[in-house]
Amino acid sequence: MELKGKVIVVTGAGQGLGLNTSLALAARGASLALVDLDEEHLANAVKLCEEAGAQARSYKADVASESDVERLFTEVVSDFGALDGTVNNAGITRDGLLVKAKDGKIIKKMDIKEWQTVIDVNLTGVFLCAREAAARMIELGRPGVIINISSISRAGNFGQTNYAAAKAGVAAMTVTWAKELARYGIRVAAIAPGFVNTPMVASMNPHALEKLEGGIPLKRLAHPDEIAHTAVFLFENDYVTGRVMEVDGGLRI
Ligand code: NAP
């Protein structure tokens with residue numbers, strides 16, 4: 001897909017990977033529908049995309065809410081008159097052990113709320129955004145591209161029962177949708193980043209972060225631009241579908 005003039009939705013566009021990806025798409029002439037919960041971050045993202053020469057509009061929406069997501073895609077099509085792609089990027093972490101024990105006694109269990117919140121945003125949010133994007137693309141009779149953000153943690157990661165389950169689900173949905181939607185000219189692909197230098201990772205304990213970097217074959221975190229670059233590649237390469245692209249500096253967890 002040639003990105004110039006295309007209308008792309010990016011969720012979680014207020015900061016981190018979503019913002020960098022939006023800017024990379026803006027630099028290639030795409031028009032951006034920027035989605036987030038934080039209005040201040042959104043206003044800044046719109047300004048930065050416009051400075052990069054793109055048309056951009058902000059949409060405050062919770063990707064975990066069916067009514068928000070349905071309204072979002074209706075508004076995007078009405079505002080731009082088109083929809084060519086979406087980057088389902090919004091995500092959160094609520095890390096914790098399944099069960100924590102001391103001297104044979106259970107002192108903490110993963111709370112159902114910590115489980116459910118991550119599943120709602122990271123799994124259901126991707127499902128809702130992809131469903132609405134695909135429906136609008138089919139109604140508009142246009143080809144499109146859906147990119148989902150999975151994670152290296154989809155293989156299973158210590159302290160991330162909820163997050164790993166959601167990200168494994170995102171990878172599986174990507175393959176499923178690629179098979180179902182190819183007949184409509186819609187490609188679906190995912191990116192599984194390793195550890196990227198964004199606000200999500202900056203909140204980690206500095207010692208744990210240093211140890212983690214030491215274990216990455218390339219000995220550093222990814223720069224958000226390196227993930228954004230992969231999203232651009234997935235949009236532009238018309239023969240990629242149903243695949244999860246690993247961008248992790250060679251790390252295996
Ligand atoms: P981030 O810096 O925390 O940014 C996430 C963005 O998503 C924030 O702007 C946040 O808004 C927004 N968001 C959260 N919940 C939302 C909701 N329910 N509806 C709409 N927007 C919502 O995270 P990031 O590091 O850029 O991560 C982006 C994606 O990459 C996530 O899916 C993450 O799991 C994945 N990923 C990240 C890494 C990494 O190392 N950073 C590695 C692998 C995968 P608020 O600020 O208002 O909450």
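Above this note sits the structure.
Residue numbers restart at each chain and count upward from 1, following the sequence in its written direction. Owing to the predicted nature of the model, reporting of local features is limited to residues with pLDDT of at least 70; listing and counting of side-chain atom pairs is limited to 80 or more, with chain, interface and lining totals taken over all residues. Each side-chain value is worked out from all heavy atoms of the structure, with water and hydrogens disregarded.

Buriedness for pockets is judged along seven lines, at least five of which must meet protein on both sides within 12 Å for an open set on the 1 Å grid over protein atoms alone, while cavities are sets there where a 1.4 Å probe fits but cannot get out, and lining residues have an atom within 4 Å of a point. Grid points are joined across faces, edges and corners, and a volume is the space filled by probe spheres set on the points. If you add up the space inside the largest pocket, you get close to 1,100 Å³. Contributing to the lining of the largest pocket are 47 residues, with Gly91, Ile92, Thr93, Tyr163 and Met200 lying nearest its centre. Each helix is a run of H or I in the DSSP string that is no shorter than four residues. Each strand is a run of E no shorter than two, and both are numbered from the N terminus. For the lining of the largest pocket, the secondary-structure elements that each account for two or more residues are α1 (16-27), β2 (31-36), α5 (161-181) and α6 (199-202). Amino acids outside the nonpolar list (Ala, Val, Leu, Ile, Met, Phe, Trp, Tyr, Cys, Pro) and the charged list (Asp, Glu, Lys, Arg) are all regarded as polar, and Gly is one of them. Residues that form the lining of the largest pocket fall into these classes: 22 nonpolar, 19 polar and six charged. Its boundaries defined by the atoms lining it, the second largest pocket holds a volume of some 150 Å³.

The span one expects for a helix is its residue count, reduced by one, times 1.5 Å. An ideal rise of 1.5 Å per residue puts 42 Å on 29 residues; helix α4 (residues 112-140) measures up with 40 Å between its terminal C-alpha atoms. Fitting axes to the seven residues ending at a residue and to the seven starting there, one defines the bend at that residue as the angle between these axes. At Thr124, α4 shows its maximal bend, which comes to roughly 35°. Polar contacts, as used here, are pairs of N or O atoms within 3.5 Å; protein pairs need one atom able to donate a hydrogen and one able to accept it. Residues neighboring in sequence count only if both atoms are side-chain atoms. Taking the backbone nitrogen of Lys113 as reference, a side-chain oxygen 2.8 Å away marks Asp111 as the first, capping residue of α4.

In this section: the nonpolar core. Generally speaking, soluble globular proteins have nonpolar side chains that are buried together. With 35 residues, the main nonpolar core has Phe73, Val76, Leu83 and Ile146 as its most contacted residues. Contributing elements (two or more residues each) for this core: β1 (7-11), β2, α3 (66-80), α4, α5 and β8 (186-193). Ranked by the residues each element gives to this core, the list is headed by α4, at nine residues. Counting 34 residues, the second-largest nonpolar core is a separate cluster that includes Ile8, Ala13, Val46 and Ala228. To form a nonpolar core, buried Ala, Val, Leu, Ile, Met, Phe, Trp, Tyr and Cys residues must be joined to one another through side-chain atoms within 4.5 Å. Relative accessibility decides the category of a residue: with a 1.4 Å probe and only protein chains considered, values under 20% of the type maximum give buried, values over 50% give exposed, and everything between is partly exposed.

This part is about the site of the ligand. What surrounds the ligand is a group of 28 residues, the closest being Asp36, Asn89, Tyr163, Val196 and Thr198. Residue Ala61 places a main-chain N or O atom 3.5 Å away from a nitrogen atom belonging to the ligand. In this structure, a nitrogen atom belonging to the ligand sits 3.1 Å away from a main-chain N or O atom of Val63. Protein chains bury 90% of the 900 Å² of accessible surface belonging to the ligand in isolation. Elements supplying a minimum of two residues to the shell around the ligand: α1, α5 and α6. In terms of residue count, the dominant contributor to the shell around the ligand is α6 (three residues). Class assignment of the residues belonging to the shell around the ligand gives a composition of 15 nonpolar, nine polar and four charged. For this description, a residue counts as near a given molecule or strand if any of its non-hydrogen atoms is within 4 Å of it. For the area figures, the Shrake-Rupley method with a 1.4 Å probe applies, and any residue is considered shielded solely by the protein chains shown.

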